[in-house]
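Report on the structure
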Amino acid sequence: MSKQMSHLDNNPSTPGKFKMEKSAYAHNRLRWHSSLAKLTFWSFMFMGMILIFFFRSPSSNPLPQDPSRRSLRTYNWGGPAWEKRVRSSARIRSRHGISVLVTGAAGFVGTHVSAALKRRGDGVLGLDNFNDYYDPSLKRARQAFLERSGVFIVEGDINDSALLRKLFEVVAFTHVMHLAAQAGVRYAMENPGSYVHSNIAGFVSLLEICKSANPQPAIVWASSSSVYGLNSKVPFSEKDRTDQPASLYAATKKAGEEIAHTYNHIYGLSLTGLRFFTVYGPWGRPDMAYFFFTRDILKGKSIPIFEAANHGTVARDFTYIDDIVKGCLGALDTSEKSTGSGGKKKGAAQLRVYNLGNTWPVPVSDLVSILERLLKVNAKRKVMKLPRNGDVPFTHANISLAKRELGYKPTTDLQSGLKKFVRWYLSYYSGGKKAAG
Ligand SMILES: O=C(O)[C@H]1O[C@H](OP(=O)(O)OP(=O)(O)OC[C@H]2O[C@@H](n3ccc(=O)[nH]c3=O)[C@H](O)[C@@H]2O)[C@H](O)[C@@H](O)[C@H]1O
């Protein structure tokens, strides 16, 4: 046994019980005190260093559980191989093609628009932050689908000015199709910050880069039918009032329209806003009613069907994705060039806004009946009062302007569109995820 061990063994459990020689005892006590002081000193030093490191570190706990901050995470981009992929994806492959930066390319509308542009030989580069507002694996599946068509999606946030600047250094985009946004009317009450972050700050960040680019691109971007808010004049026409938004989502989209006006006025940016009316279809958004109704009907879960005051019908002008894509391409193709360059306006530029709807509002209860027939399952309907969380009782688009100026002509009714959605849904969620496109 070592000396140390015997010393430990000799340690009294109760002071005073053990009799020690006086001088040795005093010497030991002195040694013990000085070791304790050293230990305390070094412990404090160590704790201090940890605290300094913790507070100075830039990535100290970026609150990943806070959804409004989820897109602030850092992404890897840059380098020769990355630039080569960016260039190749954005390369125009047809005679009169355009080169488009599509923001929100892993989103529902973004995926379809990117694929359509690529199919006709345009250069397409995607940008998406792959946030977790809904199942990111669906966004990854869309990314894989686009990759097979030759579209590269850069992972990054529209608030990252350095990344945007880099993209414009590598590619002289002729157009930007801006679809990145925080979507969803009801979620705005849960996470208001994410709407400000993406739909206002993100939009401004993108426009700042576009205004300084040389050449400046023409921009087409997604506004929303929700800007009509409490407007009761039907069908909604672009001339109608849009100063009564019923949700923060709607307010941020309306703010986007005003911001577009400012950048057009000061910098000569060509800007076209598209007011989408409840877009649905294959590869859709799981937070939307037609999507989660399908899931829950199949699971045998009850589905909440909203009704307006006095048992009034709630209805939407549901618009099929392929029609929306045609509207987006029509808007890109009729966009005039921005007039400024390097942040200076040289003349008046185009500023437009269009409704892209179906012009055929359908009650939500009819949507459920169509799904029941297609799925061959009866829904457990739970009729409830329209919650006071931003929903409006109905939407109905007047599309004359888009018809005249963009050649927009929707051709898919809800029954046919949902049939295609259900076919995709069953194939995607029964394991055919790759083939579902
Ligand atoms: O046009 C737009 O600009 C917006 O369209 C979409 O919003 P909405 O038209 O509200 O779609 P969606 O949620 O599918 O509800 C559909 C219907 O089901 C009703 N609804 C909804 C949920 C529910 O539990 N029960 C129910 O009856 C509900 O009352 C409604 O009548 C986009 O999500 C939005 O991002 C934006 O793009």
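Residues numbered from 1 in each chain as written. Predicted model: local features only at pLDDT ≥ 70, side-chain atom pairs only at ≥ 80, totals over all residues.

**Quick look at the overall build of the protein**
The line we're drawing: Elements are defined by DSSP. Helices are runs of H or I of four residues or more, strands are runs of E of two residues or more, and each kind is numbered from the N terminus. Around each residue's C-beta, the other C-beta atoms within 10 Å are counted; 20 or more make the residue buried, 12 or fewer make it exposed, and counts in between make it partly exposed. All C-beta atoms are placed from the backbone. C-beta atoms are first placed from the backbone for all residues, and any pair lying within 7 Å is then listed as a contact.
In terms of regular secondary structure, the protein is built from 13 helices and 13 strands. The buried share of the protein, taken over its 437 residues, is 41%. Restricting to contacts in the protein with at least 6 residues of sequence separation, those with at least 24 account for 81%.

**What about the sheet that holds strand 5 (residues 218-224)?**
Heads up, the condition is: By this definition, two strands are paired if DSSP reports at least two bridges between them. Throughout, an axis means a line fitted to C-alpha atoms (over the contacting stretch in the case of helices), and angles, computed between N-to-C directions, take values from 0 to 180 degrees.
With parallel pairing, the seven strands of this open sheet are ordered in space as 3-2-1-4-5-6-11. The sheet is open, and its two borders are formed by strand 3 (152-155) and strand 11 (351-356), each paired with just one other strand. Each strand of the sheet is rotated relative to its neighbour by a mean of 20°, with strand direction disregarded. With four bridges joining them, strand 4 (residues 175-178) and strand 5 adopt parallel strand pairing. What sits directly across from methionine 177, in strand 5, is valine 220. Helix-sheet contacts for helix 3 (residues 80-90) involve strand 1 (99-103), strand 2 (123-128) and strand 3, and the interaxial angle to strand 2 is about 125°. Packed onto the sheet, helix 10 (residues 321-333) meets strand 1, strand 4, strand 5, strand 6 (271-276) and strand 11 and runs at close to 165° relative to strand 6.

**Some details on the pairing of strand 5**
How we decide: A crossover counts as right-handed when, viewed with the strands pointing away from the observer, the path leading from the first strand over the helix to the second turns clockwise.
For strand 5, the buried fraction is high: seven of the seven residues fall into the buried class. Covered by surrounding structure in strand 5 are Ala218, Val220, Ala222 and Ser224 together with Ile219, Trp221 and Ser223, the residues of both alternating faces. In this region the chain leaves strand 4, passes through helix 7 (residues 192-212) and returns to the parallel neighbour strand 5; the handedness of that crossover is right-handed. Across six bridges, the pairing between strand 5 and strand 6 is parallel. Looking across to strand 6, one finds that valine 220 is bridged to threonine 272.

**Regarding the site of the ligand**
Using the following cut-off: A molecule or strand has a residue near it when that residue's C-beta atom, placed from backbone coordinates, lies within 6 Å of it. Gly is placed with the polar residues, together with every amino acid not listed as nonpolar (Ala, Val, Leu, Ile, Met, Phe, Trp, Tyr, Cys and Pro) or charged (Asp, Glu, Lys and Arg).
Taken together, 18 residues lie around the ligand, and Ala183, Ser224, Met288, Ala289 and Phe306 are the ones closest in. Considering each element in turn, the shell around the ligand owes the most residues, three residues, to strand 8 (residues 302-307). Along the lines of polarity and charge, the residues of the shell around the ligand split into 11 nonpolar, five polar and two charged.

**Re the packing of helix 7 against helix 8 (residues 248-267)**
Put simply, the rule reads: Roughly parallel means an angle under 35 degrees; roughly antiparallel means over 145; roughly perpendicular covers 65 to 115; every other angle is labelled oblique. For any helix crossing, the convention is left-handed if the near helix is rotated counterclockwise from the far helix by under a right angle, and right-handed if that rotation is clockwise.
Closest axis-to-axis distance for the helix 7/helix 8 pair is 10 Å, and the angle between their directions is 15°. Between helix 7 and helix 8, the angle falls in the class roughly parallel. Every pair of crossing elements has a handedness; the one defined by helix 7 and helix 8 is right-handed. Contacts from Pro192, Tyr195, Val196, Asn199, Ile200, Phe203, Val204, Leu207 and Lys211 of helix 7 reach helix 8 at Leu248, Tyr249, Thr252, Lys253, Ala255, Gly256, Ile259, Tyr263 and Tyr267. In terms of residue class, the contact of helix 7 with helix 8 is built from 13 nonpolar, three polar and two charged.

**What to know about the environment of isoleucine 200**
By secondary structure assignment, the location of isoleucine 200 is in helix 7. Since 17 C-beta atoms lie within 10 Å of it, isoleucine 200 is described here as partly exposed. The spatial distance from the C-alpha of isoleucine 200 to the C-alpha of glycine 407 is 30 Å, given a sequence separation of 207 residues. With residues up to four places along the chain from it excluded, the contact list for isoleucine 200 reads Thr252 and Ala255.

**Quick look at the nonpolar core**
Quick note on the threshold: One nonpolar core equals one set of buried Ala, Val, Leu, Ile, Met, Phe, Trp, Tyr and Cys residues connected by C-beta atoms within 7 Å.
With 99 residues, the main nonpolar core has Val100, Met177 and Cys328 as its most contacted residues. Residues in contact with valine 100, not counting those within four places in the same chain, are Leu117, Asp122, Gly123, Val124, Phe173, His175, Val176, Met177 and Leu332.

**Structural notes on helix 11 (residues 364-375)**
Using the following cut-off: Each helix should span, by expectation, one fewer than its residue count multiplied by 1.5 Å. Picture the helix axis, draw a direction to every C-beta atom, and the arc is the one those directions span.
Taking 1.5 Å of rise per residue, 12 residues should cover 16 Å, and helix 11 covers 16 Å from first to last C-alpha, within 8% of that figure. For helix 11, the full list of buried residues reads Val364, Leu367, Val368 and Leu371. Down the axis, helix 11 shows its buried residues gathered within 100° of arc, on one side only. Lining the buried residues of helix 11 we find helix 9 (289-299), strand 8, strand 9 (315-316), strand 12 (362-363), strand 13 (380-385) and helix 13 (414-429). Within two residues after helix 11, lysine 376 carries a phi angle of roughly 55°, on the positive side.

**A closer look at the packing of helix 4 (residues 108-119) against helix 10**
Between helix 4 and helix 10, whose axes approach to 10 Å, the crossing angle comes to 60°. On the basis of their axis angle, the class for helix 4 and helix 10 is oblique. Here helix 4 and helix 10 pass one another in a crossing that is right-handed. Contacts from Val109, His112, Val113 and Ala116 of helix 4 reach helix 10 at Ile321, Ile324, Val325, Cys328 and Leu329. The residue makeup of the contact of helix 4 with helix 10, split by class, is eight nonpolar, one polar and no charged.

**Some points on the confidence of the model for the protein**
This is how the line gets drawn: Each residue gets a pLDDT score, which is the predictor's confidence in that residue and runs from 0 to 100.
Considering every residue of the protein, the mean pLDDT works out to 87; 82% of them sit at 70 or more. Every residue in residues 1-30 is under pLDDT 50, and counting partners more than four places away or in other chains gives four contacts. The model gives residues 50-71 a pLDDT under 50, and that stretch makes 19 contacts with residues more than four places away or in other chains. Interface confidence in the predicted complex, given as ipTM, is 0.99; pTM for the same model is 0.85.

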